[in-house]
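Each chain is listed here by its residues.
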Amino acid sequence: MNLFRLVRRLLPLLFLVGLGWFLWRKVGPVLGELNEASSSGPQVTVTHNTVLTQVEALGRLELVRYRFKDVVEYKRRTYRFLPESKIALVVAGEAVGCIDLRKLRPQDVVLEGDSVVRVALPPPELCSFQINHNQSRVFSTENGLFQDAELVDEGYKYAEAQVRNAALQSGILPATQRNAEQILLPMLRTLTGRRVILGQQMTLPKAGPKQ
């Protein structure tokens with residue numbers, strides 16, 4: 001009788017232990033996976049489809065880079081009866097001078113005897129100019145009239161045009177030509193074993209309208 005009572009009292013406990021073991025067998029692996037995922041950081045899923053749209057042959061030899069710093073104040077008046085909108089930008093920009101070697105023609109390379117080669121290089125170009133937005137910032141805005149973003153965009157476009165003008169006025173094209181001679185002369189001497197004379201391609205004047 002006492003044994004029967006003991007078994008009867010232990011049955012609920014045995015049932016709970018068995019139920020716990022069963023649940024652990026089922027849920028334990030899932031909890032383990034969740035723990036591993038949480039310990040390794042957030043799970044990120046990225047879906048993308050990259051499409052090649054254009055392949056362009058590059059032949060520009062970049063030879064000099066100019067960097068600029070400027071404070072630009074850009075103003076715009078939209079309506080006569082309202083105050084003008086104004087924005088001040090601290091701008092960092094750069095311009096790159098290059099020579100496009102794709103424009104080199106067969107007639108631009110002339111051999112003279114066994115010791116001299118003449119090369120007529122394409123003219124130097126301003127191949128790129130841009131604003132470095134990581135190093136630029138908006139200093140202040142006034143009377144934007146809820147158009148601050150548009151005003152900032154216009155200010156940066158104006159500043160980018162000024163980078164181009166400043167590069168040309170600072171002599172980036174002559175500097176590009178000088179650097180081309182310093183870089184290409186030793187290289188061509190080594191490749192040809194000749195004395196190299198560098199010049200520039202002759203540009204023919206454009207024909208005007210017929211009279």
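A.B. asks: What's the story with the side chain of Asp108 in this structure? I'm lost.
C.D. replies: Its place among the elements puts Asp108 in the loop between strand 2 (85-100) and strand 3 (109-112). Under the relative-accessibility criterion, Asp108 is labelled buried at 4%. The contact partners of Asp108, leaving out residues within four places of it in the chain, are Lys103, Arg118, Val119, Ala120 and Gln201.

A.B. asks: Got a minute to help me understand the environment of Leu63 in this structure?
C.D. replies: On the secondary structure map, Leu63 appears in strand 1 (residues 60-76). Spatially, the C-alpha atoms of Leu63 and Arg178 are 9.1 Å apart, while their sequence positions differ by 115 residues. Those residues in contact with Leu63 that lie beyond four places of it in its chain are Gly97, Cys98, Ile99, Thr176, Asn179, Ala180 and Ile183.

A.B. asks: Can you help me understand the nonpolar core in this one?
C.D. replies: Nonpolar side chains in soluble globular proteins tend to be buried together. Counting residues in each nonpolar core, the largest one holds 19 residues, and the members touching the most others are Val91, Ala95 and Ile172. At the level of elements, strand 1, strand 2, strand 5 (125-131), helix 2 (148-169) and helix 3 (172-192) are the ones that each hand at least two residues to this core. Looking at this core element by element, the count peaks at six residues for helix 2. When near neighbours in sequence (up to four residues on either side) are disregarded, Ile172 contacts Val64, Tyr66, Ala95, Val96, Gly97, Leu126 and Ala167. If you look at the next biggest cluster of nonpolar residues, it comprises ten residues, including Ile99, Val119, Leu121 and Leu184.

A.B. asks: Just to check I follow, could you spell out the pairing of strand 4 (residues 116-121) for this structure?
C.D. replies: The two faces of the sheet receive side chains in turn, since in a regular strand these alternate between them. Here strand 4 lies mainly inside the structure; five of its six residues are buried. Taken together, the four bridges between strand 3 and strand 4 define a ladder with antiparallel strand orientation. Each residue of the ladder has a partner; that of Val110, found in strand 4, is Arg118. Linking strand 3 to strand 4, which pair antiparallel, is a turn of three residues; within it Gly113 sits at a positive phi near 65°. Here strand 4 pairs with strand 7 (residues 195-200) via six bridges, running parallel. The residue bridging Arg118 from the neighbouring strand is Ile197, located in strand 7.

A.B. asks: Hey, could you run me through the pattern of salt bridges in this one?
C.D. replies: Any two side chains of opposite charge can pair, given that their charged atoms come close. Overall, the coordinates contain eight salt bridges when judged by the stated rule. Glu62 is the salt-bridge partner of Arg65, the closest N and O atoms lying 3.7 Å from each other. Residue Arg67 pairs with Glu94 through a salt bridge whose shortest N-O separation is 3.8 Å. With Arg67 in strand 1 and Glu94 in strand 2, this residue pair connects regions lying 27 residues apart in the sequence. Assessed through its relative accessible area of 63%, Arg67 is described here as exposed. It is possible to trace a salt-bridge network through shared partners that takes in Glu62, Arg65, Arg67 and Glu94.

A.B. asks: Is there a simple way to think about a nonpolar patch on the surface in this case?
C.D. replies: Together, Ile183, Met187 and Leu191 make up an exposed nonpolar region whose accessible area comes to about 300 Å². For Leu191, the location among the structural elements is in helix 3.

A.B. asks: What am I meant to see in the sheet that holds strand 4 here?
C.D. replies: Adjacent strands of a sheet pair through backbone hydrogen bonds, lying either parallel or antiparallel. Within the open sheet, the three strands sit side by side as 3-4-7. Their pairing is mixed. The sheet is open, and its two borders are formed by strand 3 and strand 7, each paired with just one other strand. Across the sheet, the axes of successive neighbouring strands diverge by a mean angle of 20°, strand direction being ignored. Relative to strand 7, helix 3 is tilted by about 145°, and along the sheet it contacts strand 4 and strand 7.

A.B. asks: Quick question: what am I supposed to make of helix 3 here?
C.D. replies: Since the α-helix packs 3.6 residues into each turn, any two residues three or four apart lie on the same face. In a regular helix each residue adds 1.5 Å, so 21 residues correspond to 30 Å; helix 3 covers 29 Å between its end C-alpha atoms and thus fits that length. Maximum bend of helix 3: about 30°, positioned at Leu184, with proline Pro186 one to four residues after it. Of the residues one or two after helix 3, Gly193 is the one with positive phi, at around 70°.

Conventions we followed
- Residues numbered from 1 in each chain as written.
- Predicted model: local features only at pLDDT ≥ 70, side-chain atom pairs only at ≥ 80, totals over all residues.
- Heavy atoms only, no water.
- Helix = DSSP H or I, 4+ residues; strand = E, 2+ residues; numbered from the N terminus.
- Buried < 20%, exposed > 50% of the residue type's maximum accessible area, 1.4 Å probe, protein only.
- Contact = heavy atoms within 4.5 Å.
- Core = buried A, V, L, I, M, F, W, Y, C linked by side-chain atoms within 4.5 Å.
- Pairing = 2+ DSSP bridges.
- Salt bridge = Lys/Arg side-chain N within 4 Å of Asp/Glu carboxyl O.
- Patch = residues over 30% accessible without salt bridge, like charges linked within 9 Å, V, L, I, M, F, W, Y side chains within 5 Å.
- Areas by Shrake-Rupley, 256 points an atom, 1.4 Å probe, with all protein chains shown as cover.
- Axes fitted to C-alpha atoms, helices over the stretch in contact; angles between N-to-C directions.
- Expected span 1.5 Å × (residues − 1).
- Bend = angle between axes of the 7 residues up to and from the residue.

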